[in-house]
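These are the residues of each chain, in order.
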Amino acid sequence: MRLTFKLVLALWLGFCALLLLNAVHRVRREAELFERDMRQDHARLGRALAPAVAEAWRAEGDEGARRVLGRAVGAEGELSARWRPPGADEARPAPPIVDELGAGRVAFDVLVDAEGGRRLATYVPVPLGPERAGVVEVSEPLAAEYLYIRTTLRNTLLLTTATAVFACVAALAVGGWLVGRPLSALAERARRVGQGDLAARLRSRRRDELGDLARELDAMCDRLEAARDRLALETGARLAALEQLRHADRLGTVGRLAAGLAHELGTPLNVVLGRATLIAREAAAPAATVKGATVIIEQAQRMTALVRQLLDFARRRGPQTCRLDLRAAVTHAFALLAPLAKKAGVELATGPRLDEAYAVADPAQLQQVLSNLVVNAVQATPPGGCVLVGVSAERARPPADVGGDEGAYARVDVVDRGVGIAPDDLGRIFEPFFTTKGVGEGTGLGLSVTYGIVREHGGWIDVESRPGAGSRFSVFLPGAP
């Protein structure tokens, strides 16, 4: 309550002082402007009448001068004009006024009549000869000015009173806002922290005890949230590592099976392929026989390619890394895959970025990665479409399953505008033998091999895809200077 009372008192006194100063300044300024305007009007009127008065005085004397002034000013209204002939002694102005008139300047004075009324008198000298001069006296009551000042004072008093009342109410409201609301917010925040909600922050900028308490509470929440995030990250990393171990164990099993299967199928396939080739080359063989042998050759070659992929998957050697220019690697991959893309009616282009970027990688394995990703993109793109491959160097932080601090990486983006990948399939695309292609169109080993090569290089692959909008595969490899 003491803080609220001090706040209310300070605001109320400040408002009252400000309004009082403003009222005094306004009244004084308006009074000065009012009187200045009256003086200017009187002076202009006197100077305008001076030539006519001088001419009338020369022609008819004092009566002529008075008649001119009477016609000019009129009998109605509060403004009056009087002729003071040369040498007149009655009601002579004060000595300072006389001095001003003697110098040929307009003089001003405030007169008090018998009833106590005040009038503003303006004296304008009228030259009548080399050494003679009369005076035109223009006067007007100051009652209008005093009425205006009284009205202004009354209105200012009413405004000051209303503002003082408003200031008290506003100060009480502000006091509640400065004290009541922060305390309620602190209590609510402490209650939510006790319930485990660490997301919200008070972000107080106050420089008092309540502000210090709010900042300390925010700092405590930051530390608690950081500890919770660190625990969640460590837990996620442990789960990812466990999943990687399980995945590696499954891959090892699949690799051993693939190696044995490839070894057992290799010799029979070579025999089938050789015999079918002999049949197809037999000149005396019927056309139907040659056609059937050709089909056998094609299918045997497909099976041989599958066996080769199985062997590559099962017996992949470690990377022999060196410093590679990724732009040159992309150009080489385009040269190798251009016939395939042309046959599919798909354009290969670089972009949207093709910066200078170098990676620490195995040249042959990097070509295999690029070839697998570009071939998949070409197969997913309808005829007339375009596959973009971009290269850039950037700083990135590895995902939790890779681990490590933020560092310099070389990035390769392969973008297509094809059919995209369904959300349910996105988490399985790197599994061995998983494919969304039709029967006979894919083995499901390409992306798995690509994923394994990139991980062995210390990198990772990010995938963004929307059904019907295409996909983006982003390969991150350790950067080289």
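Described below are features of the structure shown in this document.

Some words on the overall build of the chain
For step 1, the next point in the chain: On a plain count of helices and strands, the chain comes out with ten helices and eleven strands.
For step 2, the next point in the chain: Classification of the 481 residues of the chain by burial places 34% in the buried group.
For step 3, the next point in the chain: Pairs at least 24 residues apart make up 66% of the contacts formed inside the chain by residues separated by at least 6 positions.
For step 4, the next point in the chain: A total accessible area of about 28800 Å² is found for the chain, and carbon and sulfur atoms account for 59% of it.

Quick look at helix H10 (residues 446–456)
One full turn of an α-helix is made of 3.6 residues, so residues set three or four places apart face in the same direction.
For step 1, the next point in the chain: In terms of burial, H10 is largely enclosed, as eight of its eleven residues are buried.
For step 2, the next point in the chain: Among the residues making up H10, those that are buried are Leu 447, Ser 448, Val 449, Thr 450, Tyr 451, Gly 452, Ile 453 and Val 454.
For step 3, the next point in the chain: Directly beyond the C-terminal end of H10, a positive phi value near 85° is found at Gly 458.

Some details on helix H7 (residues 326–344)
For step 1, the next point in the chain: For H7, built from 19 residues, the straight-helix expectation of 27 Å at 1.5 Å per residue is met to within 8% by its first-to-last C-alpha distance of 25 Å.
For step 2, the next point in the chain: At Leu 337, H7 shows its maximal kink, close to 55°; a proline, Pro 339, follows between one and four residues later.
For step 3, the next point in the chain: Of all the positions in H7, only Leu 326, Ala 329, Val 330, Ala 333, Phe 334, Leu 337 and Ala 341 are classed as buried.
For step 4, the next point in the chain: Here the buried face of H7 lies against strand S5 (322–325), strand S6 (347–354), strand S7 (358–361), helix H8 (363–380), strand S8 (386–396) and strand S9 (407–416).
For step 5, the next point in the chain: With a side-chain oxygen positioned 3.1 Å from the backbone nitrogen of Arg 327, the residue opening H7 is Asp 325.

Overview of the packing of aromatic side chains
For step 1, the next point in the chain: Scanning all chains against the criterion turns up two aromatic pairs.
For step 2, the next point in the chain: For the pair Tyr 409 and Trp 460, a centre-to-centre distance of 4.8 Å together with 70° between the ring planes defines the contact as edge-to-face. You can see Tyr 409 sitting in strand S9 and its partner Trp 460 sitting in strand S10 (residues 460–466), a full 51 residues away along the chain.
For step 3, the next point in the chain: Residue classification places Trp 460 among the buried residues on the basis of a relative accessible area of 5%.
For step 4, the next point in the chain: Aromatic pair Trp 460 and Phe 476: ring centres 4.7 Å apart, planes at 10°, arrangement stacked. With Trp 460 in strand S10 and Phe 476 in strand S11 (residues 470–478), this pair connects stretches of sequence that are 16 residues apart.

Here's the deal with the packing of H8 against H10
For step 1, the next point in the chain: Where H8 meets H10, the closest approach of the two axes is 9 Å, and the angle between their N-to-C directions is 140°. Crossing hand, H8 versus H10: left-handed. Contacts between H8 and H10 involve Gln 365, Gln 368, Val 369, Asn 372, Leu 373 and Asn 376 from the former and Gly 446, Leu 447, Val 449, Thr 450, Ile 453, Val 454 and Glu 456 from the latter.

Details of the pattern of salt bridges
For step 1, the next point in the chain: Applying the stated criterion across every chain, the model contains twelve salt bridges.
For step 2, the next point in the chain: A salt bridge links Glu 60 to Arg 67, with the shortest nitrogen-to-oxygen separation between them at 1.6 Å.
For step 3, the next point in the chain: Note that Arg 327 is salt-bridged to Asp 325, the shortest N-O span being 4.0 Å.
For step 4, the next point in the chain: Ionic contacts of the salt-bridge type, sharing partners, join the residues Glu 394, Arg 411, Asp 413 and Arg 472 into one network.

As for the sheet that holds strand S3 (residues 118–127)
For step 1, the next point in the chain: Spatially, the four strands line up as an open sheet ordered S1-S4-S3-S2, and their pairing is antiparallel. Here the strands that pair on one side only, and so sit at the sheet edges, are strand S1 (80–84) and strand S2 (107–112). The average angle at which neighbouring strand axes cross in this sheet is 25°, direction not considered.
For step 2, the next point in the chain: Of the strand pairs in this sheet, S3 and strand S4 (residues 133–141) are connected by nine bridges, and their pairing is antiparallel. From the neighbouring strand, Pro 127 faces S4, where its bridge partner is Ala 133.
For step 3, the next point in the chain: Sheet contacts for helix H2 (residues 62–73): S1 and S4; angle to S1, the most-contacted strand, approximately 170°.

Things to note about the sheet that holds S6
For step 1, the next point in the chain: The five strands lie next to each other as S6-S8-S9-S11-S10, forming an open sheet whose pairing is mixed. Of all the strands in the sheet, the pair left with one neighbour each is S6 and S10. Neighbour-to-neighbour, the strand axes of the sheet open up by a mean angle of 20°, direction not taken into account.
For step 2, the next point in the chain: The pairing of S9 with S11 spans eight bridges and is antiparallel. From the neighbouring strand, Val 412 faces S11, where its bridge partner is Val 475.
For step 3, the next point in the chain: Sitting on the sheet, H7 touches S6, S8 and S9, and the angle it makes with S6 is about 160°.
For step 4, the next point in the chain: The strands touched by H10 are S10 and S11; relative to S10, the strand with the most contacts, the crossing angle is about 140°.

Some details on the side chain of Asp 416
For step 1, the next point in the chain: Its location among the elements puts Asp 416 in strand S9.
For step 2, the next point in the chain: Arg 417 provides the closest opposite charge to the buried, unpaired Asp 416, separated from it by 6.4 Å.
For step 3, the next point in the chain: At 2.9 Å, the side chain of Asp 416 forms a polar contact with the backbone nitrogen of Gly 418.
For step 4, the next point in the chain: Leave out the neighbours within four places in its chain, and Asp 416 touches Ala 377, Ala 380, Thr 381, Cys 386, Val 387, Ala 469, Gly 470 and Ser 471.

Details of the packing of H7 against H8
For step 1, the next point in the chain: The interhelical angle for the contact between H7 and H8, taken along N-to-C directions, is 35°, at an axis separation of 10 Å. Both H7 and H8 take part in a crossing whose hand is right-handed. Along the contact surface, H7 presents Leu 326, Ala 329, Val 330, His 332, Ala 333, Leu 336, Leu 337, Leu 340, Ala 341 and Ala 344, while H8 presents Leu 366, Gln 367, Leu 370, Ser 371, Val 374, Val 375 and Val 378.

Re the nonpolar core
For step 1, the next point in the chain: If you look at the biggest cluster of nonpolar residues, it comprises 39 residues, and the most contacted ones within it are Leu 326, Leu 348, Leu 366, Phe 473 and Val 475.
For step 2, the next point in the chain: The set of elements that each furnish at least two residues to this core consists of H7, S7, H8, S8, S9, H10 and S11.
For step 3, the next point in the chain: For this core, the element with the highest residue contribution is H8, accounting for eight residues.
For step 4, the next point in the chain: When residues no more than four places from it in sequence are discounted, the contact partners of Phe 473 are Leu 373, Val 412, Asp 413, Val 414, Ile 421, Ile 429, Phe 430, Leu 447, Ile 461, Asp 462 and Val 463.
For step 5, the next point in the chain: Residues Trp 57, Ala 65, Val 68 and Leu 69 belong to the second largest nonpolar core, which totals 14 residues.

About the cut-offs
Residues numbered from 1 in each chain as written. Predicted model: local features only at pLDDT ≥ 70, side-chain atom pairs only at ≥ 80, totals over all residues. Heavy atoms only, no water. Helix = DSSP H or I, 4+ residues; strand = E, 2+ residues; numbered from the N terminus. Buried < 20%, exposed > 50% of the residue type's maximum accessible area, 1.4 Å probe, protein only. Contact = heavy atoms within 4.5 Å. Areas by Shrake-Rupley, 256 points an atom, 1.4 Å probe, with all protein chains shown as cover. Expected span 1.5 Å × (residues − 1). Bend = angle between axes of the 7 residues up to and from the residue. Polar contact = N/O pair within 3.5 Å; in protein donor to acceptor, adjacent residues only side chain to side chain. Phe/Tyr/Trp six-rings, centres within 6.5 Å; stacked < 30°, edge-to-face > 60°. Axes fitted to C-alpha atoms, helices over the stretch in contact; angles between N-to-C directions. Left-handed = near helix turned anticlockwise from the far one by under 90°. Salt bridge = Lys/Arg side-chain N within 4 Å of Asp/Glu carboxyl O. Pairing = 2+ DSSP bridges. Lys, Arg positive; Asp, Glu negative; His and termini not counted. Core = buried A, V, L, I, M, F, W, Y, C linked by side-chain atoms within 4.5 Å.

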